[in-house]
Amino acid sequence: MKIIPAKTPGFVKSLFPNFIWNINTSNKELYLTFDDGPTPEITDWVLATLKDYNAKATFFCIGKNIEKHSEIFQNIIKDGHSVGNHTYDHLKGWKTKTKTYVENIEFTDSVMQFQIQNSTFKDSNAVNSAKIFRPPYGKFKTKQSKQIQKLGYKIILWDVLSYDWDHTVKEEVCLKNVTSAAKEGSIIVFHDSVKASRNLIYVLPKVLEYYSEKGYEFKGIFKP
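Procedures and definitions
- Residues numbered from 1 in each chain as written.
- Predicted model: local features only at pLDDT ≥ 70, side-chain atom pairs only at ≥ 80, totals over all residues.
- Heavy atoms only, no water.
- Core = buried A, V, L, I, M, F, W, Y, C linked by side-chain atoms within 4.5 Å.
- Buried < 20%, exposed > 50% of the residue type's maximum accessible area, 1.4 Å probe, protein only.
- Helix = DSSP H or I, 4+ residues; strand = E, 2+ residues; numbered from the N terminus.
- Salt bridge = Lys/Arg side-chain N within 4 Å of Asp/Glu carboxyl O.
- 1 Å grid on protein atoms, 1.4 Å probe; cavity = no way out; pocket = protein on both sides within 12 Å on 5 of 7 lines; lining within 4 Å.
- Points joined across faces, edges and corners; volume = space filled by probe spheres on them.
- Nonpolar A, V, L, I, M, F, W, Y, C, P; charged D, E, K, R; others polar.
- Contact = heavy atoms within 4.5 Å.

Engineer: How should the nonpolar core be read in this particular structure?
Structural biologist: Burial of nonpolar side chains together is a common tendency in soluble globular proteins. The biggest cluster of nonpolar side chains holds 62 residues, and the ones touching the most others in it are Leu-32, Phe-34, Leu-50, Phe-59 and Phe-190. Sort the elements by how many residues they give to this core and helix α8 (residues 197–213) lands first, with six residues.

Structural data, given as structure tokens:
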């Protein structure tokens with residue numbers, strides 16, 4: 001069975017030390033992240049599956065999806081997960097003017113904050129203790145990253161890619177991508193999207209079970 005390299009090489013992390021690739025800890029903790037939601041067909045299933053294992057995660061949400069599916073975004077908050085900014089419409093930074101890109105992110109933040117502040121849940125103002133952002137495709141211009149950081153965002157990338165979105169990757173390989181690479185403090189990328197749902201539905205429960213049996217906890221990034 002061919003395994004696609006899923007671990008982010010150390011030399012890549014060293015080239016961009018101002019980005020967060022993993023959480024520095026020796027504790028048995030993992031940080032599951034889900035990009036591109038909220039999505040009606042899959043996000044609620046993800047939330048229910050996480051709840052089965054008392055697991056917390058981080059959802060990097062697309063602004064227009066938050067507006068379309070605000071009730072699902074509210075469910076994410078209700079369940080105590082962290083939420084992050086993933087632009088309003090999955091914008092490609094390297095094809096976008098910096099001013100436009102940053103404005104897109106700031107508008108998405110206003111959409112998120114409106115939902116958080118108008119939540120009926122008591123702990124809604126403590127979703128996470130820092131503003132976090134993940135660029136779609138993991139790519140953007142250096143100038144963009146610097147301006148985003150000046151706005152107070154922590155830029156979150158990853159330690160492990162599951163490749164759940166790739167239809168050429170079989171479910172078993174997707175699972176092995178995670179279990180062969182994730183360790184203490186790893187930030188792992190999944191997607192709560194329709195495109196990734198085939199692999200995700202197979203992999204997520206198995207990852208939760210595999211690491212739970214090894215004594216790991218699943219936490220949200222910068223969750224108080």
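Engineer: Quick question: what am I supposed to make of unusual backbone geometry here?
Structural biologist: Most peptide bonds adopt trans geometry, and most residues besides glycine take a negative phi value. A cis amide bond links Gly-37 with the next residue in sequence, Pro-38, at an omega value of 0°. Summarising the element assignment, Pro-38 is placed in the loop between β1 (29–35) and α2 (43–52). Non-glycine residue Thr-87 carries a positive phi angle of around 70°. With respect to the helices and strands, Thr-87 occurs in the loop between β3 (82–85) and α5 (98–117). Among the residues examined, Thr-87 registers a relative accessible area of 0% and is labelled buried. One non-glycine residue, Tyr-163, lies in the positive phi region at around 65°. For Tyr-163, the location among the structural elements is in the loop between β6 (160–161) and α7 (171–179).

Engineer: What is the right way to read the pattern of salt bridges from this model?
Structural biologist: Close approach of charged atoms allows side chains of opposite charge to pair. One pass over the structure, following the stated rule, counts seven salt bridges. The partner of Asp-159 in a salt bridge is Lys-7, with the nearest N and O atoms 2.7 Å apart. You can see Asp-159 sitting in the loop between β5 (154–155) and β6 and its partner Lys-7 sitting in the segment before α1 (10–15), a full 152 residues away along the chain. Between Asp-35 and Arg-134 there is a salt bridge; the shortest N-O distance is 2.8 Å. Taken as a pair, Asp-35 in strand β1 and Arg-134 in the loop between β4 (132–133) and α6 (142–150) lie far apart in primary sequence, 99 residues in all. We note that Asp-35, like Arg-134, is buried. Connected through shared salt-bridge partners, Lys-7, Lys-13 and Asp-159 make up one network.

Engineer: What's the story with the layout of surface pockets in this structure? I'm lost.
Structural biologist: Of the pockets and cavities examined, the largest pocket occupies roughly 350 Å³. Asp-36, His-90, Tyr-137, Trp-165 and His-191 are the residues nearest the centre of the largest pocket, which is lined by 17 residues in total. Residue composition of the lining of the largest pocket, by class: eight nonpolar, five polar and four charged. In this structure, the second largest pocket spans a volume of roughly 270 Å³. Taken together, 14 residues make up the lining of the second largest pocket; nearest its centre are Phe-16, Phe-19, Phe-140, Thr-142 and Ser-145. Its residues assigned to classes, the lining of the second largest pocket shows seven nonpolar, five polar and two charged.

Engineer: Honestly, the side chain of Thr-49 in this entry has me stumped. Any pointers?
Structural biologist: Along the chain, Thr-49 turns up in helix α2. When near neighbours in sequence (up to four residues on either side) are disregarded, Thr-49 contacts Leu-204, Pro-205 and Leu-208.

Geometry only, nothing functional implied.
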